[in-house]
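Coordinate analysis (summary)
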Amino acid sequence: MYWQEEYETMTRDKLEELQLQRLQQTLQRVYDNVPFYRQSLDEAGISPGDVKSLADLQKMPITVKKDLRDNYPFGLFAAPMEKVVRVHASSGTTGKPIVVGYTKNDINNWADLVSRAIRMTGGTNKDIVQVGFGYGLFTGGLGLHFGTEHFGATVVPISGGNTARQLMLMQDFGATILACTPSYALYLAEEIQNAGIDPQSLNLKIGIFGAEPWSERMRDQLESKLNIKAFDIYGLSEVLGPGVSAECSEKKGLHIFEDHFIAEIVDPETGKPLPYGQPGELVITSLTKEAFPIIRYNTRDISVLNVEPCGCGRTHVRMQRVTGRTDDMLIIRGVNVFPSQIESVLLEFGDAEPHYLLVVDRKGSLDNLEIWVELNERFFSDKVRALEDLENKMRARILSVLGISARIKFVEPRTIPRSEGKAKRVVDKREI
Ligand code: DLL
């Protein structure tokens, strides 16, 4: 049931005691080793020695991506290079990436957290885990890889892509757990169907999906197409990689591993902390990291925290699945929209596939949103009348749920590009 029961089910009081002690150590560590944080602590008038409560953390400024960029590549490392055993870097497409480092202890802690996540899905050391996350500077592949080995299950380190080979090995090796992005899992499911393979004939039983937003309806689709139980795993390179939080068997939010992290939700406009239950940007402070501790990092991911006791017995706070990042939010004629909200609406209609593209353009001063929706084979060959009817219903539903009018464009099955990693859902032509 648990990987580290003692920590995962600690009483909130004990947990907060542990957090405070670890926070003091972390602040001392950054004060002694990282000029950037020493300056912020000095400016905030905090001396690491006199932090007496967790609330004192809120006196520290929020750290943002630019701070990490400005200290490229190793400026925020708090351990000497001889203690750093690995680096990873963010996948940013332009400019310099963000570089993070890990000591041996960091790698061990990370592996423990991924092990917790695997255990939470019901995994055991008899499982065979096909890791279809990309290996390399991206944290997904190696993060799941070390976690699986540490957990004692068998890892198949196939990485992302090479879909035909993925399917062959999935059949031959009998993978029981698939770990990859939800969009890639969907692509695999489709190819399984195209290859005439019966999903029931595979040994797959669990999916561990993350690295991009996905909806509850997408979960339903993946579970039925692959004949599995699908779980969400969350994380980001700046904080750790996969394993900052993960879903338990209750599937009602992701437990944030609070013996290693402090989570806050802040108002996107003011940066001020919000109480549990209110949506805002997730801000994380690491409590055990040695090479790359991070203080109050604004992930820009939108979530809500819930500290109610969970049916699984874990006491760690749960975050609601991330529906999007403030950076990815589209503003269409003044209305804020996340691609995952549109995904949810489209999937209410059984005839749409979870492959879609949002094309935003500006005509004069008016934003136009066109939603490309892929229909399934059966529907596409149907009559024009039925297509018109579906188009009208979708348009009306988008308008009533999201308050924006959009043009719906149906495209033929298998025309929207499939992704082997994180899916690209938006083409925004407005800036060009
Ligand atoms: O995506 C780490 C990861 C790998 C997580 C494998 C889970 C599984 P980055 O490339 O730094 O790291 O991207 C981090 O991806 O801030 C979120 O916006 C998004 N993200 C990650 N997991 C989820 C999730 C990895 N489960 C950024 N749901 C984060 C929604 C997610 N968004």
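You'll find the structure just up there.
First, a word on what this report is: a plain description of the structure on this page. In this text the structure is predicted, and so the values were computed from the model without any measurement.

Observations regarding the environment of Phe133
- Locating Phe133 in the fold gives a position in the loop between strand 3 (128–131) and helix 6 (139–151).
- A relative accessible area of 4% means that Phe133 is categorised as buried.
- Between the alpha carbons of Phe133 and Glu348 there is a distance of 28 Å; along the sequence they are 215 residues apart.
- Setting aside residues no more than four positions away along its own chain, Phe133 makes contact with Phe138, Gly140, Gly141, Leu144, Ser159, Gly160, Ala179, Cys180, Thr181, Ile208, Gly210 and Ala211.

Quick notes on the sheet that holds strand 5 (residues 177–180)
- Spatial strand order, 4-3-5-6-7-8-9-15-14: 9 strands in an open sheet with mixed pairing. Either end of the sheet is taken by a strand with one partner, and the two such strands are strand 4 (154–156) and strand 14 (305–306).
- Pairing analysis gives 3 bridges linking strand 3 to strand 5, with the strands arranged parallel. When the bridges of strand 5 are listed, Val129 appears paired with Ile177.
- Sheet strands in contact with helix 6 are strand 3, strand 4, strand 5 and strand 8 (241–247), and its direction is about 65° off that of strand 8.

With respect to the site of the ligand
- The local shell around the ligand holds 21 residues, among which Asp232, Ile233, Ser237, Asp301 and Lys422 are the closest.
- Ala211 places a polar main-chain atom, nitrogen or oxygen, 3.1 Å from a nitrogen atom of the ligand.
- At a separation of 2.7 Å, a nitrogen atom of the ligand approaches a polar side-chain atom of Asp232.
- Protein chains shield 94% of the accessible area of the ligand, which is 600 Å² for the free molecule.

Thresholds applied
- Residues numbered from 1 in each chain as written.
- Predicted model: local features only at pLDDT ≥ 70, side-chain atom pairs only at ≥ 80, totals over all residues.
- Heavy atoms only, no water.
- Helix = DSSP H or I, 4+ residues; strand = E, 2+ residues; numbered from the N terminus.
- Buried < 20%, exposed > 50% of the residue type's maximum accessible area, 1.4 Å probe, protein only.
- Contact = heavy atoms within 4.5 Å.
- Pairing = 2+ DSSP bridges.
- Axes fitted to C-alpha atoms, helices over the stretch in contact; angles between N-to-C directions.
- Near = heavy atom within 4 Å.
- Polar contact = N/O pair within 3.5 Å; in protein donor to acceptor, adjacent residues only side chain to side chain.
- Areas by Shrake-Rupley, 256 points an atom, 1.4 Å probe, with all protein chains shown as cover.

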